[in-house]
Every structure is written in C-alpha cells, then in structure tokens.
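# Structural overview for review
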There are 2 protein chains.
Amino acid sequence: MEFKDLLYARKSIRNFTGEPITKAQVDAILEAATRAPNACNFQSWFFYVVADKAMIEKFSPDVYSLDWIKKASVIIVVCADPGRLEERFGQRVGNNFVTQDTAAATTNMLLAAADMGLGGCWIGHFNDDKCRSLLNIPSRLRPVALVPIGHPAEQPPQRPRNPVEKVSLVIGDLR
Amino acid sequence: MEFKDLLYARKSIRNFTGEPITKAQVDAILEAATRAPNACNFQSWFFYVVADKAMIEKFSPDVYSLDWIKKASVIIVVCADPGRLEERFGQRVGNNFVTQDTAAATTNMLLAAADMGLGGCWIGHFNDDKCRSLLNIPSRLRPVALVPIGHPAEQPPQRPRNPVEKVSLVIGDLR
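Residues numbered from 1 in each chain as written. Chains lettered and ligands numbered in written order. Predicted model: local features only at pLDDT ≥ 70, side-chain atom pairs only at ≥ 80, totals over all residues.

## Observations concerning the packing of helix H6 (residues 91-115) of chain A against helix H5 (residues 91-115) of chain B
Direction vectors running N to C along H6 of chain A and H5 of chain B enclose 50 degrees, while the axes themselves pass 8 Å from each other. On the basis of the axis angle, H6 of chain A is oblique to H5 of chain B. Classified by chirality, the crossing of H5 of chain B by H6 of chain A is right-handed. Here Asn96, Thr99, Gln100, Ala103, Ala104, Thr107 and Asn108 of chain A of H6 of chain A come into contact with H5 of chain B, specifically with Asn96, Thr99, Gln100, Ala103, Ala104, Thr107 and Asn108 of chain B. (Axes fitted to C-alpha atoms, helices over the stretch in contact; angles between N-to-C directions. Helix = DSSP H or I, 4+ residues; strand = E, 2+ residues; numbered from the N terminus. Parallel < 35°, antiparallel > 145°, perpendicular 65-115°, else oblique. Left-handed = near helix turned anticlockwise from the far one by under 90°. Contact = placed C-beta atoms within 7 Å.)

Right, dumping it as structure tokens:
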C-alpha cells in the first residue's frame, strides 16, 4: 500500500477472527521491524513470536489483564537489548535510546501488519515480570511491548488526531 | 511510495543541498507524525519546526556537536509532553510511554520525508538544556530528538541489518 494511505489505514485492532497468520507474514513484520532507524545501528532489540496457542492463552490475565489478547494469532514480545548502548552512553541515556529504538521497530511492525490487511495493537502496560518468567527471557533483555497480531474482526476508525497547527510551532518562514 | 519499498529507501541523510523545503512538505511530515500510534491517544508530543536560517546556524556546536546539521532546510525538534501520561501512570511508566510515543512519531516523520525524496536523520544525543534555552521551550515539554531535514546531497546505502532469524525466536509452529 502507498505509505500515505497506510498511515490512515493503521489503527489499533483488539478483536481477531482467530484465523492463523503465516510464517511469511510474520517474517515480513519482523523484517520491517529490523529496518527501523536505531542508535548506532546496534539493533538493540529482540523479538519473541508467540505462536503456540496454549502459550498465548497464558498471557491473560497474568501478563495482560484483558481477555481479547487470547484471540491473537501471534503475540510478538518486543524486547530491548540495552547492553551495548548502555556501555557507550551510560545507563540513563542508553536506556532512553533502546526505548526509542524498540518503539521505532514496533511502529514499523504495526505498519507492516496493516499493509498486509492484518491488525495489531501496541500494548505498553503489562506485567513484565510475569512476561519474563513465562517466556524465560534472559536478564540482558527487557520486554517493552506486546504486539498481538491477527486477522481483524473489527474495523474501528482511526482515532482522531489534533490538527498539526495545534501540536507544532514554526520558527521562521515556510512557503 | 509503496511501504515495502519505503522501508529500504529510508536511511540516515547527513548532507543536504541547502535547497528549501516547502510548507506543504513540512505539513505532510508533521501529519505523518501525528498519525503514529500513541498511549491513550493523548498525543503527548509537540514539534518545533526551525526554518529560520540564523536559528539553524545556532544549533552547531551548541546543541549538537557536528557541523553538517547547519545545511538542513529545517530542524524539527521533537518534544515529549508527559503531563497527562505521568498523571495517569506515574512518573516512571508515563515517561517511558512518552518516549515510545515520540519515537513512533519520529519514525513516521522520517518515512514521510523519504517518501517525498527528502532526507533526514534522527539525532538522540544532543544538549537538551541548550536546545531548551535556544527555543525557549517551556518546562512542561522535554526535547527528545532533533530531526534535520532537507534535500539529500548524498545517497548512502541503508546500513545492513542482522537477519530476522538472529534477532527473533518463534515459540510454536508457523507455516
């Protein structure tokens, strides 16, 4: 799809048909993630793709409180891998950079899913300790987002946005 | 451009022709930013568009150490506006969310610029205090990224990425 159209086609989908998604689709989503801009090209990220139904069932209510997540075909757990960036820039700055890098990757993932007619949702608020123990995530990684993905069983409108003039200030002249 | 192609066309551009960019182009970039997924649809961001040549000249070396930034047609200063999210989720979680939200917006901005044949670069490492005083940024906002944008005077290849298999683990079966 044209990027200009995709910007408006992407929206948070929280209800899925349950139809499986293919390895090729997951690969396209992950490939998009890895193409994200990122600090020093360290690619400080790692992605768990939970495709096992029994494992998906365990996400709610332990990792995430709402039930709809169980209908996802896969749940991608986006993890930050802050080691190298923290070594170079210190803990505070490095941590900030991995948060930005993994968010850039997540943005691309959601666009790639929408580009294939799939839907997903960015979940930032979840129990990261339980997520870690469920997936046996090593201590060097930090889970930062859950992205359930599937075939949309709803087509909500994209939520309205403030107009550009309200969230920006131009300094100087533009024609 | 097709999103699939745009993912590979986008790369960090650090040299510009100096040719001006138009208000319509800046508006398209900001419109893309506002379409980013974001926590609670609070749209916790604000964008300063520095188009004034004298002001752009002041960015290096005070705000950012390298000289090339002066050749940008505009510098967009991406700011987080954490108030509402910190109120709802507390300081630590809210701050994490605005970092993700502004990173999602920045990702869309760079894709939109590349979609129009423009180039830009995500600068996360800069002197935020000097940026704040130069632009007179109010205390409720926090500058999180500089995005110099202009007409590319270079076409470097996108830097190579690790293959998907190296940065992911599938749990379960995918076909």
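## With respect to the interface of chain A and chain B
Contacts between the two partners involve 57 residues from chain A, matched on the other side by 57 residues from chain B. Mapped onto the side of chain A that touches chain B, the elements with two or more residues apiece are helix H1 (3-9), helix H2 (23-34), strand S1 (45-50), H6 and strand S5 (168-171) of chain A. Considering each element in turn, the side of chain A that touches chain B owes the most residues, 11 residues, to H6 of chain A. Judged from the four bridges that link them, S5 of chain A and strand S1 (residues 45-50) of chain B form a sheet pairing that is parallel. Note on S1 of chain B: the bridge partner recorded for Ile171 of chain A is Val50 of chain B. (Pairing = 2+ DSSP bridges.)

## Some details on the environment of Glu154 of chain A
Residues and elements named next belong to chain A. Inspection of the secondary structure puts Glu154 in the loop between strand S4 (142-150) and S5. Residue Glu154 is classed as partly exposed on the basis of its C-beta count, with 13 C-beta atoms lying within 10 Å. Sequence separation of Glu154 and Ala80 is 74 residues, and the distance between their C-alpha atoms is 31 Å. Dropping the residues within four chain positions of it, Glu154 is found in contact with Ile13 and Asn15. (Buried ≥ 20, exposed ≤ 12 C-beta atoms within 10 Å, placed from the backbone.)

## Points about the sheet that holds strand S2 (residues 74-80) of chain B
Across the sheet, five strands lie side by side as S5(A)-S1(B)-S2(B)-S4(B)-S3(B); this open sheet has mixed pairing. Looking at which strands have only one partner, the edges of the open sheet turn out to be S5 of chain A together with strand S3 (119-120) of chain B. In the sheet, S2 of chain B pairs with strand S4 (residues 142-150) of chain B via seven bridges, with the strands oriented antiparallel. Opposite Ala80 of chain B, over in S4 of chain B, you have Arg142 of chain B as the bridge partner.

## Remarks on the relation of the copies chain A and chain B
Note on the identical chains: chain A maps onto chain B by a rotation of 180 degrees and an axial translation of 0.0 Å, with an RMSD of 0.0 Å. In symmetry terms, the pair is related by a two-fold rotation axis. (Least-squares fit on C-alpha atoms with pLDDT ≥ 70 in both.)

## Quick notes on the environment of Asp5 of chain A
As for its position among the elements, Asp5 of chain A is in helix H1. Residues Asp5 of chain A and Ala54 of chain A lie 49 residues apart in sequence; the distance between their C-alpha atoms is 36 Å.

## With respect to the sheet that holds strand S2 (residues 74-80) of chain A
An order of S3(A)-S4(A)-S2(A)-S1(A)-S5(B) is seen for the five strands of this open sheet, with the pairing classed as mixed. Looking at strand neighbours, the two that pair on one side only are strand S3 (119-120) of chain A together with strand S5 (168-171) of chain B, the edges of this open sheet. Contacts from H2 of chain A reach S1, S2 and S4 of chain A together with S5 of chain B within the one sheet, and its direction differs from that of S1 of chain A by about 165 degrees. Across the sheet, helix H7 (residues 128-135) of chain A lies against S1, S2 and S4 of chain A, angled at about 75 degrees from S4 of chain A, the strand it touches most.

## Here's the deal with the nonpolar core
Soluble globular proteins tend to pack their nonpolar side chains together in the buried interior. Ile75 and Ile76 of chain A together with Ile75 and Ile76 of chain B are the most contacted members of the largest nonpolar core, which has 114 residues in total. The residues contacting Ile76 of chain A, other than those within four sequence positions of it, are Phe47, Tyr48, Val49, Met109, Val147 and Ile149 of chain A. (Core = buried A, V, L, I, M, F, W, Y, C linked by C-beta atoms within 7 Å.)

## Notes on the confidence of the model for chain A
Averaged over every residue, the pLDDT of chain A is 97; the share at 70 or more is 100%. Both scores are given for the predicted complex: the pTM is 0.98, the ipTM 0.97. (pLDDT = per-residue confidence, 0-100.)

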